[in-house]
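# Tertiary structure, described
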Amino acid sequence: MGCFPCLCRKGSSTDDDQGEASRKGSKQAGNNDDDENAKPNTSGSVKNDGGNGNISAQTFTFRELAAATQNFRLECLLGEGGFGRIYKGCFQSTGKVVAVKQLDRNGLQGNKEFIVEVLMLSLLHHQNLVKLIGYCADGEQRLLVYEFMPLGSLEGHLFDLSPDKEPLDWYTRMKIAFGAAQGLEYLHCKANPPVIYRDLKPSNILLDDGYNPKLSDFGLAKLGPCGDKVVVSSCVMGTYGYCAPEYAKNGELTIKADVYSFGVVLLELITGRRVIDPTHPVEEQNLISWVRPMFRDQKRYPELVDPLLKGLYPTKGLNQAVGVAAMCLQEEASVRPLMEDVVMALRFLKEGPLPGATEVPFTMAKPPIPEEKPQSFPSEMSSSNRSNGSQCRERSRESSRSSSSMHSVHSEESPLTNKSFCSKNVRL
Ligand SMILES: Nc1ncnc2c1ncn2[C@@H]1O[C@H](COP(=O)(O)OP(=O)(O)OP(=O)(O)O)[C@@H](O)[C@H]1O
Ligand SMILES: [Mg+2]
């Protein structure tokens, strides 16, 4: 098994460094004797197909991908994002069905995302990350070939459902939250150095036939701090509404920014509402500001639940899921939980009741809920007394220490108070 070479430089790093690191990484991965930091860390647990750090993804010609997508036919279009269009394709020789992303050819930014995505997905392998099959860098063309995810993105199953489409049930929602949390836990705690995903949102959570989620779109992912190093982003990227306040305002980027985004997605799963939704009354258009005052009042949690669930949810499960979301959405990054704590909490929420269980699993009415503080994990959910959490905890302490020494590079208003609306990836 190979491992993920540390590509960070000494001292603080910026987005420009990241681009440089990525370019370097493509040449140096696992094979650099000059830089101490670039040596593969033998304790790293990231699987690498090549074994020596080389990129394992296949290369394709533009002609091959044009043939697979019937010349990028409109009928094959699966969706369009901030970086380009995605088509369904099929290789005639093998019958393999894939998703082909054709990046917009306007400028360097797209090329940088392309390189980061190829590097990240070639080196990171987990059941909850989408697989990169290959890529094409023919002349000006930049394309990425992924495994095809038959159920598309979570966004298509959660919002604006047509009347004939079945809404996701409670346990499927929790299963999706759990899988997405596991993907982030892998990036934060098991990849070495840690990876900050930076773009968690429902359209980037893809679903297989069994509603198992996989994170996609690693073009914005960044290597997290190595040792006592700090990541200060001079160029804040992400999607409006999902970005943690300290990152959007000051460019302070730690793994806790992903934890915040996860809290947003979990709340969207519970409520069936988009984080920013101009179709609601003004005071409810921003999901986070609408829900935040309710976090302290457990009796009001049933008001949050997606009406499409028709009351079919376990009361305890709802209380705990909202409690987890509240923890993740705390303004202060350092007090947000680690993804390993979140995974631990959600593990129990995704399971339906055991046969013969005495507790009534679902509630149709709104029973009285005992007053309880939602802002803390039950003791069995805390990882502080578990030995396998030590590495991630150590990193978390480093990241919270380092965030206090970061200097502000941005002074804009938090996107959560901004009235404009954008669901695509943008420079914030
Ligand atoms: N591997 C895949 N298999 C099946 N469908 C996919 C795959 N990848 C993407 N899609 C579909 O294409 C849509 C567009 O994805 P894309 O990542 O380009 O844009 P986005 O997530 O909406 O925006 P952004 O550019 O901000 O990430 C997704 O919402 C999903 O429905
Ligand atoms: Mg996307």
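Analysis parameters
- Residues numbered from 1 in each chain as written.
- Chains lettered and ligands numbered in written order.
- Predicted model: local features only at pLDDT ≥ 70, side-chain atom pairs only at ≥ 80, totals over all residues.
- Helix = DSSP H or I, 4+ residues; strand = E, 2+ residues; numbered from the N terminus.
- Contact = placed C-beta atoms within 7 Å.
- Pairing = 2+ DSSP bridges.
- Core = buried A, V, L, I, M, F, W, Y, C linked by C-beta atoms within 7 Å.
- Buried ≥ 20, exposed ≤ 12 C-beta atoms within 10 Å, placed from the backbone.
- Domains from an automatic or database assignment.
- Expected span 1.5 Å × (residues − 1).
- UniProt positions renumbered as here; feature names shortened; annotations may be inferred.

### Points about the overall build of the protein chain
Scanning the protein chain from terminus to terminus reveals 12 helices and 12 strands. A separation threshold of at least 6 residues defines the contact pool for the protein chain, and within that pool the share at least 24 residues apart is 74%.

### Concerning the pairing of strand 3 (residues 84-90)
In the case of a regular strand, side chains alternate between the two sheet surfaces. Bridging between strand 2 (residues 77-81) and strand 3 involves four bridges; their strand directions are antiparallel. Looking across to strand 3, one finds that Gly79 is bridged to Ile86. Where strand 2 hands over to strand 3, the hairpin turn is made up of two residues, counted between the paired strands. Looking at chain direction, strand 3 and strand 4 (residues 97-103) are connected through seven bridges and run antiparallel. For Tyr87, the partnering residue across the bridge sits in strand 4 and is Val100. Hairpin connection between strand 3 and strand 4: a loop of six residues separates the two successive antiparallel strands, and Gly95 in this loop has a positive phi of roughly 80 degrees.

### Quick word on the nonpolar core
Grouped together as the largest cluster of nonpolar side chains are 103 residues, with contacts concentrated most on Ala181, Phe262, Leu266, Ala325, Cys328 and Leu346. Both domains that furnish three or more residues to this core are identified here as domain 1 (16-147) and domain 2 (155-425). For Ala181, the contacting residues outside a window of four places in its chain are Phe262, Met339, Val342, Val343 and Leu346.

### Overview of helix 11 (residues 339-349)
The element helix 11 is extensively covered by neighbouring structure, given that nine of its 11 residues are classed as buried. Those residues of helix 11 that fall on the buried side of the exposure criterion are Met339, Glu340, Asp341, Val342, Val343, Met344, Ala345, Leu346 and Leu349.

### A closer look at helix 7 (residues 255-271)
For helix 7, spanning 17 residues, the distance from its first C-alpha to its last is 25 Å, which sits close to the expected 24 Å at 1.5 Å a residue. For helix 7, a buried count of 17 out of 17 residues is recorded, marking the element as mostly surrounded by other parts of the structure. Looking one or two places after helix 7, you find Gly272, whose phi comes out positive at around 70 degrees.

### Points about the environment of Ile196
Note on placement: Ile196 falls in strand 7 (residues 195-196). In the structure, Ile196 is positioned 24 residues away from Leu220 in sequence and 8.7 Å away in space, judged by C-alpha atoms. Setting aside residues no more than four positions away along its own chain, Ile196 makes contact with Ala221, Lys222, Gly224, Leu253, Ile255, Ala257 and Asp258.

### Some remarks on the UniProt feature "binding site: ATP" (unreviewed entry) in the protein chain
The UniProt entry lists Lys101 under the feature "binding site: ATP" (unreviewed entry), expressed in the numbering used here. Within the fold, Lys101 resides in strand 4. Of the residues examined, Lys101 has 24 C-beta atoms within 10 Å and is grouped as buried. Residues within four places of Lys101 in sequence aside, it is in contact with Gly84, Ile86, Leu143, Leu144 and Tyr146.

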